[in-house]
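Architecture and fold: a report
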Amino acid sequence: MGIGEETDRTLFIRNLDQRVTEELLFELFLQAGPLIRTKIPKDPDGKQKTFGFAVYKHEASVPYAMQLLNGTMLFGKAIHVQFRSGKSAHLRIQVLPILQIRTGQGKKIMNHKF
């Protein structure tokens, strides 16, 4: 697995509170699929930055994690989750079909994107 492959499996997470740890980020993002690691960089003085990364084992987990976790509140701040980079990153999220489950009377009870 090269760096190019890892880029397609990596999310960029911004607006992190200083109290968010790599362990907390790992536990949160694990909800969307198997993770390899999370990372919150530090500046030269050792102060934690307000962004981080989550690297998934499977590329299919990435768009699901974006939909599931973007806007999640951590310590009173909404986190913003996006693709790390890549040419096809924006296209992948737009082509996800929507499954709507309805009751016998046609009332929608669940709306889920894949």
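Up top is the structure these notes are about.
So, here is what we can say about the structure in this document. Predicted model, so just to flag it, every value in this text is computed and none were measured.

Once that is clear, we can look at the pattern of salt bridges. According to the stated counting rule, one finds three salt bridges in the structure shown. Measuring nitrogen to oxygen at the nearest pair gives 2.6 Å for the salt bridge that ties Glu 6 to Arg 37. One end of the pair, Glu 6, is in helix α1 (residues 3-7); the other, Arg 37, is in strand β2 (residues 35-39), with 31 residues separating them in the sequence. Given the relative accessible area of 36%, Arg 37 is considered partly exposed. A salt bridge links Asp 17 to Arg 19; the nearest nitrogen and oxygen atoms lie 2.9 Å apart. Accessibility expressed as a relative area gives 12% for Asp 17, which makes it buried.

The next thing to look at is helix α3 (residues 61-69). Listing the buried residues of α3 in full gives Ser 61, Val 62, Pro 63, Ala 65, Met 66 and Leu 69. Phi for Gly 71, located one or two positions after α3, is positive at around 90°.

It is worth spelling out the nonpolar core at this point. Judged by nonpolar contacts, the single largest core of 20 residues is most densely connected at Leu 11, Phe 29, Tyr 56 and Ile 79. Elements with a contribution of two residues or more to this core: β1 (10-14), α2 (22-29), β3 (51-56), α3 and β6 (80-83).

A separate point is the environment of Thr 72. Of note, Thr 72 is situated in the loop between α3 and β4 (73-74). Considering only alpha carbons, one finds Thr 72 and Leu 28, 44 residues apart in sequence, at a separation of 9.6 Å. Not counting the four nearest positions on each side in its chain, Thr 72 is found in contact with Leu 28, Lys 77, Ala 78 and Ile 79. In terms of polar contacts, Thr 72 uses its side chain to reach the backbone carbonyl oxygen of Leu 69, at 2.7 Å.

About the cut-offs
Residues numbered from 1 in each chain as written. Predicted model: local features only at pLDDT ≥ 70, side-chain atom pairs only at ≥ 80, totals over all residues. Heavy atoms only, no water. Salt bridge = Lys/Arg side-chain N within 4 Å of Asp/Glu carboxyl O. Helix = DSSP H or I, 4+ residues; strand = E, 2+ residues; numbered from the N terminus. Buried < 20%, exposed > 50% of the residue type's maximum accessible area, 1.4 Å probe, protein only. Core = buried A, V, L, I, M, F, W, Y, C linked by side-chain atoms within 4.5 Å. Contact = heavy atoms within 4.5 Å. Polar contact = N/O pair within 3.5 Å; in protein donor to acceptor, adjacent residues only side chain to side chain.

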